[in-house]
Amino acid sequence: MAKYIKENLNEDGVDRRGFLECMAWAGTGALCVLQGGVLNSFALGDVLRGKYGHVKGELSFVQISDSHIGFNKAANPDVTATLREAIAKVNALPTPPSFVLHTGDLTQLSKAEEFDTLAESLKSLKTDQIYYVPGEHDVLNDNGEMFHERFGKGTQGDGWYSFDQKGAHFIGLVNVLNLKAGGLGSLGPEQLEWIEKDVANLKSSTPIVVFAHIPLWSVYPQWGWGTDDSEQALSYLKRFGSVTVLNGHIHQTMQKVEGNITFHTAMSTAFPQPAPGQAAGPGPMKVPSDKLRDVLGITDVNFLPHRHTLGIIDSSLSGTVQETPGE
Amino acid sequence: MTMTSRIFRIVMALALGCVFLTGIQKGLAARAAGDAAGKVEITIDNFSFTPSSVTVAPGTTVTWINKDDVPHTVVSDDKTTFRSKALDTDEQFSYTFTKTGTYSYFCSVHPRMTGAVVVK
């Protein structure tokens, strides 16, 4: 089953109505893909899973996000337990990930004991390395100092950095500091300048993976789900053949493909948030407790050198799978 | 009918009749409360400040109470006049406005959340 673009007001290949419809599906198990300018939504398991299966990649890594250690309200009274389940899920993957990205909101209130619990829990991850970027919950009262001390050693500026793995270039960005009244997430001029320099000497054929907490695309600005100066950052990446942008913050999977760039957001390991505009605000959403594990999960990313884009598999804690194969 | 209830009815009628002036009405109501008690409360709920704009007399103490499951802050746009720490659920922050002027503020965690206190 597929839905096609009917309205494309911004001439960006994205049908806003179709896209919102597609996003509304996300929580209930659907996959949204923009292919050749056509937005398709697939019911879970309909097409892709059997067809592509799990392919052992040249490089595979996992994204986890929004653990919110310290949160204890109705939407999930035990976020440490669901984080442990997410870790078990990663450890059960057929191919152990080369590394894990945590895309922010490690904690609920930036408290030392919350950071401790998070770090202690992640010690059981079967992987070589964990890379972090902060969420706004990790930098609440000290401009991110505690986060930086524990998880940002050796980074540039306010905590941004890049590294290379098997021919792919990874860029970790910080868009939760120095936010301006009325604005969205922000990278700031110093970081933008660094990005431009960081990629200046790379070959255009180098696959690029950018990760940051708040989406680097305009998901729903009314709820602050976007980054004011992300377009400038992405303009430095236009010449590259394959760019994948991985974000958290919105506690649900969404995907958009725009030219050479694939945007993807991950589920939280703690609690879900409503689809854009589907509630009075973007706060934690209470779902029946037997449904909670359908909407929490991890993202497994596979990179195959002969393919143009990265394959992305979102797995919920309860076992449902959404897969976007690399092209 | 007591004097109080008559005044109440008049105020209610005015409020209902002036829907288009809702914002100003809220300001006036807040000012009245401020004058009487020297205190005004602003609720933080669903990622917004309610009321988003209040008008108070100099010397009024404004208190923000967070009713969300998410931490918020109350920070003046200049980031120096007043700046709360992160307020968890049911935590509050107060600031006493002594000088006249318009004080725009926002939540530094969710900067789309904005409000203003007018002191006059």
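Residues numbered from 1 in each chain as written. Chains lettered and ligands numbered in written order. Predicted model: local features only at pLDDT ≥ 70, side-chain atom pairs only at ≥ 80, totals over all residues.

Q: So what about the overall build of chain B? Which residues, and what values?
A: Regarding its fold elements, chain B presents 2 helices and 8 strands. Residue burial in chain B is summarised as follows: out of 120 residues, 32% are buried. Nonlocal contacts in chain B, meaning residues at least 24 apart in sequence, comprise 48% of its contacts between residues at least 6 apart. (Helix = DSSP H or I, 4+ residues; strand = E, 2+ residues; numbered from the N terminus. Buried ≥ 20, exposed ≤ 12 C-beta atoms within 10 Å, placed from the backbone. Contact = placed C-beta atoms within 7 Å.)

Q: How would you explain the packing of helix α3 (residues 79-91) of chain A against helix α4 (residues 112-122) of chain A if you had to name every residue and give the values?
A: Residue and element names in this part refer to chain A. Interhelical geometry of α3 versus α4 gives an angle of 25 degrees and a closest axis separation of 10 Å. Comparing the axis directions of α3 and α4 gives the class roughly parallel. Considering only the axes of α3 and α4, their crossing is right-handed. For the pair α3 and α4, contact is made by Thr80, Leu83, Arg84 and Ile87 and by Thr117, Ser121 and Leu122, respectively. Grouping the constituent residues of the contact of α3 with α4 by class yields 3 nonpolar, 3 polar and 1 charged. (Axes fitted to C-alpha atoms, helices over the stretch in contact; angles between N-to-C directions. Parallel < 35°, antiparallel > 145°, perpendicular 65-115°, else oblique. Left-handed = near helix turned anticlockwise from the far one by under 90°. Nonpolar A, V, L, I, M, F, W, Y, C, P; charged D, E, K, R; others polar.)

Q: Please set out the confidence of the model for chain B residue by residue, giving values where relevant.
A: All names here are of chain B. Residue-level pLDDT values for chain B average 82, and 69% of them are 70 or greater. In this model residues 14-30 is a low-confidence stretch, pLDDT under 50, and it forms 15 contacts with partners more than four residues away in sequence or in other chains. Two numbers describe this predicted complex: its pTM, 0.81, and its ipTM, 0.81. (pLDDT = per-residue confidence, 0-100.)

Q: I'd like a description of the environment of A:Pro288, backed by residues and values.
A: Mapped onto the elements of the fold, A:Pro288 is located in the loop between β11 (261-265) and β12 (297-303). Sequence-wise, A:Pro288 and A:Leu202 are 86 residues apart; in three dimensions their C-alpha atoms are separated by 48 Å.

Q: Tell me about the sheet that holds β12(A), and name the residues and values.
A: Residue and element names in this part refer to chain A. The mixed open sheet is built from 6 strands, whose spatial order is β5-β4-β3-β12-β13-β14. Across the chains shown, the open sheet's two edge strands, defined by having one partner strand only, are β5 (129-132) and β14 (321-324). Direction aside, the axes of adjacent strands within the sheet are offset by 20 degrees on average. In the sheet, strand β3 (residues 59-64) pairs with strand β4 (residues 99-102) via 3 bridges, with the strands oriented parallel. Bridging from a neighbouring strand, glutamine 63 pairs with leucine 101 of β4. Relative to β12, α3 is tilted by about 25 degrees, and along the sheet it contacts β3, β4, β12 and β13 (311-316). (Pairing = 2+ DSSP bridges.)

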